[in-house]
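Fold and geometry: a report
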Amino acid sequence: MPILYRTNATSTGGRVGSSKSNDGNLSVTLTSPKELGGDGAPGTNPEQLFAAGYSACFLGALKFVAGQAKVKLSPETTVTANVGLGPREDGGGFGIEVSLTADIPGVERAVAEDLVAKAHIVCPYSHAMRTSTEVQVTLAQTTAEAA
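Residues numbered from 1 in each chain as written. Predicted model: local features only at pLDDT ≥ 70, side-chain atom pairs only at ≥ 80, totals over all residues. Heavy atoms only, no water.

Take the nonpolar core next. Ranked by internal contacts, the top residues of the largest apolar core, which has 17 residues, are Phe-58, Leu-62, Leu-73, Ile-104, Leu-115 and Ala-119. Mapped onto this core, the elements with two or more residues apiece are α1 (46–68), β4 (78–87) and α2 (109–122). At 8 residues, α1 tops the list of elements feeding residues into this core. Excluding residues within four positions of it along the chain, Leu-62 makes contact with Leu-73, Thr-77, Val-79, Ile-104, Leu-115, Val-116 and Ala-119. (Core = buried A, V, L, I, M, F, W, Y, C linked by side-chain atoms within 4.5 Å. Buried < 20%, exposed > 50% of the residue type's maximum accessible area, 1.4 Å probe, protein only. Helix = DSSP H or I, 4+ residues; strand = E, 2+ residues; numbered from the N terminus. Contact = heavy atoms within 4.5 Å.)

Given below as structure tokens:
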């Protein structure tokens, strides 16, 4: 597919560290919540970042399909992403569970349900979650190799 936009972020320290985007617009302190054995210090975590990204992306898709359908959405329209993390049943690691809740005030329920269904098809996060998109993983050249 032709890429219209590309960005990146780099993390250090894992769940207790930091993440920064290449352009400097995003810079967050990462902490581990008590539920995962952390101290609950101020900061965010990968699940919160995923929830924020997914909810924003889905709301963008919802606005897109509403525009196509000539339905005016209230500025108070929201999407909430609930993200859970837990061990996979196969014992091979961890998995995430995601649910979305759209609040579309002032739009008839049947119309809102249709818009949400269409947004779920348009949203790239939804597509990736639904199709288990393959992720290319590579290893950077290490300092020892460069020497």
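What follows is about the packing of aromatic side chains. Within this structure, the stated rule accounts for 3 aromatic pairs. Aromatic side chains Phe-50 and Tyr-54 sit 5.7 Å apart centroid to centroid with 70 degrees between the ring planes, which places their arrangement in the edge-to-face category. With Phe-50 and Tyr-54 both in helix α1 and 4 residues apart, the pair spans about one turn of that helix. Note on Phe-50: relative accessible area 24%, which makes it partly exposed. (Phe/Tyr/Trp six-rings, centres within 6.5 Å; stacked < 30°, edge-to-face > 60°.)

Looking now at the packing of α2 against helix α3 (residues 124–131). Orientation of α2 relative to α3, taken along the N-to-C sense of each, is 75 degrees, at an axis distance of 5 Å. Classed by the angle they form, the pair α2 and α3 counts as roughly perpendicular. Each of His-120, Ile-121 and Val-122 in α2 lies in contact with α3, whose residues at this interface are Pro-124, Ser-126, His-127 and Arg-130. (Axes fitted to C-alpha atoms, helices over the stretch in contact; angles between N-to-C directions. Parallel < 35°, antiparallel > 145°, perpendicular 65-115°, else oblique.)

With that settled, consider the layout of surface pockets. Computed from the structure, the largest pocket encloses a volume of approximately 1,300 Å³. Every residue lining the largest pocket is counted, 24 residues in all, and those nearest its centre are Arg-6, Thr-7, Tyr-125, Ala-128 and Val-135. Residue contributions to the lining of the largest pocket peak at 5 residues, all from α1. The residue makeup of the lining of the largest pocket, split by class, is 15 nonpolar, 6 polar and 3 charged. (1 Å grid on protein atoms, 1.4 Å probe; cavity = no way out; pocket = protein on both sides within 12 Å on 5 of 7 lines; lining within 4 Å. Points joined across faces, edges and corners; volume = space filled by probe spheres on them. Nonpolar A, V, L, I, M, F, W, Y, C, P; charged D, E, K, R; others polar.)

With antiparallel pairing, 3 strands are arranged side by side in an open sheet as β1-β2-β3. Looking at strand neighbours, the two that pair on one side only are β1 (9–12) and β3 (27–30), the edges of this open sheet. Strand-to-strand twist of the sheet, defined as the mean angle between neighbouring strand axes without regard to direction, takes the value 15 degrees. Here 4 bridges tie strand β2 (residues 17–21) to β3, and the two strands are oriented antiparallel to one another. Residue pairing in the sheet places Ser-18 in a bridge with Thr-29 of β3. (Pairing = 2+ DSSP bridges.)

Glancing now at the environment of Gly-95. One can find Gly-95 in strand β5 (residues 94–103). Residue Gly-95 is classed as partly exposed on the basis of its relative accessible area, which comes to 23%. Placed 14 residues apart in sequence, Gly-95 and Ala-81 show a C-alpha to C-alpha distance of 16 Å. With residues up to four places along the chain from it excluded, the contact list for Gly-95 reads Gly-84, Leu-85, Gly-86 and Arg-88.

This brings us to the pairing of β3. Burial of β3 is one-sided: the residues Val-28 and Leu-30 facing one way are buried, the residues Ser-27 and Thr-29 facing the other way are not. Counting the residues that bridge the hairpin from β2 to β3 gives 5 residues, and of these Gly-24 lies at a positive phi of roughly 85 degrees.

Under the 1.5 Å per step criterion, the end-to-end length of α1 is 33 Å for 23 residues, consistent within 8% with the ideal 33 Å. Of the positions making up α1, those classed as buried are Glu-47, Ala-51, Tyr-54, Ser-55, Phe-58, Leu-59, Ala-61, Leu-62, Val-65 and Ala-66. On its buried face, α1 sits against β4, β5, α2 and α3. Capping the start of α1 is the job of one residue whose side-chain oxygen sits 3.1 Å from the backbone nitrogen of Glu-47: Asn-45. Two residues or fewer past α1, Lys-70 is found with a positive phi of approximately 60 degrees. (Expected span 1.5 Å × (residues − 1). Polar contact = N/O pair within 3.5 Å; in protein donor to acceptor, adjacent residues only side chain to side chain.)

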